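Summary of structural features
Residues per chain, in single letters:
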Amino acid sequence: MNIKEKIGNTLLFFDGAMGSVLQSRGLKTGELTETLNLTSPDIIYGVHLDYLSAGADIISANTFGAYKTKYNNVEEIISAGINIAKRAISENDFKDKYVALDMGSVGKLLKPLGDLTFDECYDIFKTSALAGEKAGADLVILETLSDTYEAKAAILAIRENTSLPIICTMTFDEKGTALTGADIITAATLLESLRVDALGINCGLGPVQTKFIFDKLIKYTSTPVLVQPNAGLPKIVDGITTYDITPDEFALHMSNFVKEGAWLVGGCCGTTPEHIRKTVDMCRNITPPPVTEKNITALSSYSKTVIIDKKPVIIGERINPTGKKKFKEALKENNMNYILNEAVTQADCGADVLDVNVGLPEIDETEMMVKAIELVQSAVDLPLQIDSSTPEVLEKALRIYNGKPLVNSVNGKQAVMDAVFPIVQKYGGVLVALALDEDGIPPTAEGRLEIADKIIKNAEKYGIKKKDLIIDTLTLTVSAQQSEAKETLRALSMVRDDLGMKTVLGVSNISFGLPNRSLVNTTFLALALHSGLSACIINPMSQPMIDTINAYNVLLDIDKNCVDYIEKYSVPADTPQPKHQKKDEPADLKTIVVKGLQNSSYECTMKLLETTEPLKVIDEYIVPALDEVGDGYEKGKMFLPQLIMSAETAKSAFAAIKDHLDSLGVSSEKKGTIAMATVAGDIHDIGKNIVCALLENYGFEVIDLGKDVPVETIVNTVSEKSLKLLGLSALMTTTVVNMEKTIEEVRKTSPECKIMVGGAVLNEDYAKKIGADFYGKDALASVSYAQKIFS
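Everything in this summary refers to the structure shown in the same document. (Residues numbered from 1 in each chain as written. Predicted model: local features only at pLDDT ≥ 70, side-chain atom pairs only at ≥ 80, totals over all residues. Heavy atoms only, no water.)

Some remarks on the overall build of the chain
Of regular secondary structure, the chain possesses 30 helices and 25 strands. Relative to the 2.2 N^0.38 estimate, which gives 28 Å for 791 residues, the radius of gyration of the chain is 28 Å and therefore close to what a compact globule would have. Projecting the C-alpha coordinates of the chain onto the three principal axes gives extents of approximately 80 × 75 × 50 Å. Going through the 791 residues of the chain one by one, you find that 60% of them count as buried. (Helix = DSSP H or I, 4+ residues; strand = E, 2+ residues; numbered from the N terminus. Rg over C-alpha atoms; globule rule 2.2 N^0.38 Å. Buried < 20%, exposed > 50% of the residue type's maximum accessible area, 1.4 Å probe, protein only.)

Details of the sheet that holds strand 18 (residues 469–472)
Here we have 8 strands rolled up into a closed barrel, ordered 13-14-15-16-17-18-19-20, and parallel in their pairing. Averaged over all pairs of adjacent strands, the angle between strand axes in this sheet comes to 30°, irrespective of strand direction. With respect to the sheet, helix 15 (residues 391–400) is in contact with strand 15 (384–387) and strand 16 (406–411), its orientation differing from that of strand 16 by roughly 155°. (Pairing = 2+ DSSP bridges. Axes fitted to C-alpha atoms, helices over the stretch in contact; angles between N-to-C directions. Contact = heavy atoms within 4.5 Å.)

Focus: the pairing of strand 7 (residues 225–228)
Put simply, side chains in a regular strand alternate between the two faces of the sheet. Residue alternation in strand 7 divides its side chains into two sets, Val225 and Val227 and Leu226 and Gln228, and both sets are buried. Alignment of strand 6 (residues 198–202) against strand 7, held across 4 bridges, turns out to be parallel. Within strand 7, the residue paired with glycine 200 across the bridge is leucine 226. On the question of chirality, the crossover connecting strand 6 to the parallel strand 7 by way of helix 9 (residues 207–220) is right-handed. Note: strand 7 against strand 10 (residues 262–265), 3 bridges, orientation parallel. Note that in strand 10 the partner of leucine 226 across the bridge is leucine 264. (Right-handed = clockwise from strand over helix to strand, strands pointing away.)

Brief notes about the pattern of salt bridges
In the structure shown here, the tally under the stated rule is 39 salt bridges. Across the salt bridge formed by aspartate 348 and lysine 595, the nearest N and O atoms sit 2.6 Å from each other. You can see aspartate 348 sitting in helix 13 (residues 336–348) and its partner lysine 595 sitting in helix 22 (residues 589–595), a full 247 residues away along the chain. A cluster of three or more residues bridged by salt bridges with shared partners is formed by Glu192, Glu293, Lys465 and Lys467. (Salt bridge = Lys/Arg side-chain N within 4 Å of Asp/Glu carboxyl O.)

Looking at empty space enclosed by the protein
Evaluation of the coordinates by the stated rule reveals 1 cavity of 30 Å³ or more. In this structure, the largest cavity occupies an estimated 150 Å³ of space. As for the largest cavity, its lining consists of 13 residues, of which Pro112, Leu113, Tyr149, Tyr302 and Asn402 are closest to the centre. Broken down by secondary-structure element, the contributors of at least two residues to the lining of the largest cavity are helix 14 (365–379) and helix 25 (640–663). (1 Å grid on protein atoms, 1.4 Å probe; cavity = no way out; pocket = protein on both sides within 12 Å on 5 of 7 lines; lining within 4 Å. Points joined across faces, edges and corners; volume = space filled by probe spheres on them.)

Observations concerning the packing of aromatic side chains
With the rule as written, the count across this model stands at 8 aromatic pairs. On the basis of an interplanar angle of 45° and a centroid distance of 5.5 Å, the ring pair of phenylalanine 421 and tyrosine 462 is categorised as tilted. Of this pair, phenylalanine 421 sits in helix 16 (residues 414–427) while tyrosine 462 sits in the loop between helix 17 (445–461) and strand 18, placing them 41 residues apart in sequence. Note on phenylalanine 421: relative accessible area 0%, which makes it buried. Owing to a relative accessible area of 26%, tyrosine 462 belongs among the partly exposed residues under this scheme. (Phe/Tyr/Trp six-rings, centres within 6.5 Å; stacked < 30°, edge-to-face > 60°.)

A look at the nonpolar core
Counting 195 residues, the largest nonpolar core has Phe125, Leu142, Ile339, Ile373, Ile674 and Leu695 as the members making the most contacts within it. Tallying contributions element by element places helix 25 first for this core, with 9 residues. For isoleucine 674, the contacting residues outside a window of four places in its chain are Leu695, Phe700, Glu701, Val702, Ile703, Leu725, Met756, Ala786 and Phe790. Counting 26 residues, the second-largest nonpolar core is a separate cluster that includes Val679, Ile714, Val736 and Leu762. (Core = buried A, V, L, I, M, F, W, Y, C linked by side-chain atoms within 4.5 Å.)

Focus on the side chain of threonine 742
Mapped onto the secondary structure, threonine 742 falls in helix 28 (residues 736–749). Looking at threonine 742, its side chain comes within polar contact range of the main-chain oxygen of asparagine 738, at 2.7 Å. Threonine 742 has contacts with Val679, Val711, Ile714 and Leu728, leaving out every residue within four places of it along the chain. (Polar contact = N/O pair within 3.5 Å; in protein donor to acceptor, adjacent residues only side chain to side chain.)

Some details on the environment of aspartate 215
Within the element layout of this structure, aspartate 215 appears in helix 9. Assessed through its relative accessible area of 25%, aspartate 215 is described here as partly exposed. Separated by 31 residues in sequence, aspartate 215 and isoleucine 184 place their C-alpha atoms 10.0 Å apart. Within the structure, aspartate 215 has its side chain in polar contact with the side chain of lysine 211 (distance 2.7 Å).

Observations regarding the side chain of glutamine 642
Relative to the helices and strands, glutamine 642 resides in helix 25. Apart from residues lying up to four places away in sequence, glutamine 642 is in contact with Tyr302, Asp381 and Val629.

Some details on the state of the cysteines
Under the counting rule described, the total for this entry stands at 0 disulfides. The thiol of cysteine 269 is unpaired, and the distance to the nearest cysteine sulfur, on cysteine 203, comes to 3.7 Å. (Disulfide = S-S within 2.5 Å.)

Observations concerning unusual backbone geometry
Omega for the bond connecting lysine 111 with proline 112 falls within 30 degrees of zero, at 10°, which places this linkage in the cis form. As for its placement among the helices and strands, proline 112 is situated in the loop between strand 3 (98–103) and helix 6 (118–135). For the bond running from asparagine 408 to serine 409, omega is 20°, close enough to zero to count as cis. Counting through the fold element by element, serine 409 comes out in strand 16. Not every positive phi belongs to a glycine, and asparagine 334 is a case in point at roughly 60°. Along the chain, asparagine 334 turns up in the loop between helix 12 (325–332) and helix 13.

Some remarks on the packing of helix 6 against helix 7 (residues 148–161)
In contact at an axis separation of 8 Å, helix 6 and helix 7 are set at 45° when each is read in the N-to-C sense. By the criterion of interaxial angle, the relationship of helix 6 to helix 7 is oblique. Classified by chirality, the crossing of helix 7 by helix 6 is right-handed. Facing Phe118, Cys121, Tyr122, Phe125, Lys126, Ala129, Leu130 and Glu133 of helix 6, the residues of helix 7 in contact are Tyr149, Glu150, Lys152, Ala153, Ala154, Leu156, Ala157, Ile158, Glu160 and Asn161. Classifying every residue of the contact of helix 6 with helix 7 gives 12 nonpolar, 1 polar and 5 charged. (Parallel < 35°, antiparallel > 145°, perpendicular 65-115°, else oblique. Left-handed = near helix turned anticlockwise from the far one by under 90°. Nonpolar A, V, L, I, M, F, W, Y, C, P; charged D, E, K, R; others polar.)

Here it is in structure tokens:
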């Protein structure tokens, strides 16, 4: 039985930490662990041997950060790393043991949050994956990822260029949220749709803190689960980083994970061969519950999952040129702000999903679709429906979409199924299936049911499950085909009852050519919902349609205790109703910054400056907007991508103010100057870059010293510039010692300088012990501290 066959059928034990074990064996400060594959292979060999002797079935090669962006000789380093691990197995006569190519984050955020493009990220992972397979790796373990977009680029790079099985684990904070906003359900929705062989959780937290995330995951996923927590939380004892959970305690926690469904277990930071030995001893005779199919129809964006079930899902229809003259003109003129405004307005009006269709003969649909998807997914956190009749357009859009989308559409024509199914099989998605075929739309419900069944059976041949199909029984114009309206409704019920499938309709098609269309639309919607409609493509700005759905949710016992209904409708008659921005009405600057509408920011600010003083623009528009976003972030209502997009939007507004002042011959002042650096030996600068961006947009001048910065460079910069505040970042346990050393040296020459620190391996107690003045649990906390220092 090969490793792919064993995953999910045999309890498998991964090894534990590499970096913290190497530290205990003399890894020098600032030394890059992957270089030891070439300079000290015996040390790496010894670590592997200890884990194999402890009972590990899979050992991770010492290749976690081996990327061409970090090493010129990355193929040599990876080859040596795989070789060492394989020798540790073969030379000691271990049987049925496997070597994983270990791949961590490349250390950069992808656009629009960072500078790295999706294709560049893909290419970085591709180079390392090819080297790993060539060297003889048995599988790939993608671990410690905190961005679903990076995970997608990595998985595609591995899958398209190698035949290696893929296991992917992500890292979450104590609230269960990854860096770019995904919770475990959202992450699992994407990873499962990309058909990884196993998925799970690693690093960041100990087993106690990981448990609530695991509990959610195991109820949701149909894929085998891997759990690799840290050995508790880090602390410093006699200048050495240690962790607070003993091997016996760790093993007990891991046995509970196995009993509840984990088929793969191992350890991350702070775990040792003894942690793995105890875990193997305690778990080897436990058989986890079988991996079962969870029939959940789910869509996702980068941070939000929408499950199509009993509660009707609203798909916003307005990003579609059909019947929309102004939208057609916007597409021809490449007016992306029109699309952006439609997306934001529909989201504000209660849409759960946004349809994106840019099909117009006069434009390049593929190019426009990619631009629209990239733009919309950067501005709103709703899942998207990628809508095109052209397979090439679908493929390009699915490739760069950050999540699991709704895909519109396939139908019963054999040629269409053969073209569309492979695309959805590769990239994942929930596919809208139209109940028509080579003979057109059947006039009866029975005929549409027959086509739906045919589509389901053909999809199965491509490995597309029923839960990833949603049937459109087709809304026909009642003014022209009146008798067929009831057939559409009957077909909804039959698809639900006979096939057990979810359904979708473009509702407003029913009323074309009739007066008082709203009356016909809402009545048809109510009938369709009662007949089994799961998702409706409507205009979410139509209050009667929304009212119908809200009332339906009450009457069908979906809105328990009428909580949502009462909240929406129990207001005094004279209470002003919330005003939604009209599609042709320009947004004010505060709204633009809150929504992260960067394309509109500069122009809006310049127009505002015609009548408003620059300081008033800052104090009454920009700062309140940033505060609102910051408050939402603190309360968990907004996530890092929204925080960054708002910051970048504010940056454009500040640029407009600067240009305005320059034109008047007036210089703008900064609040203060701050140096930021990722410490020596650490090439991960995601967190540091986020803090830099926010500080700049709150009016501070930032000296960004970069990553892997020598202690001397930091000390000299602080001293020469007489700085009041320094920020230091570290992601790896092996480099946090350099943070402590940097703090010590800065104190000697610049004792008046305050030092704030942050990074995944730190906490408040840890920060105090290494001499920092402040621990920034996130970027916004660092900004608040800077404001306090310079107030």
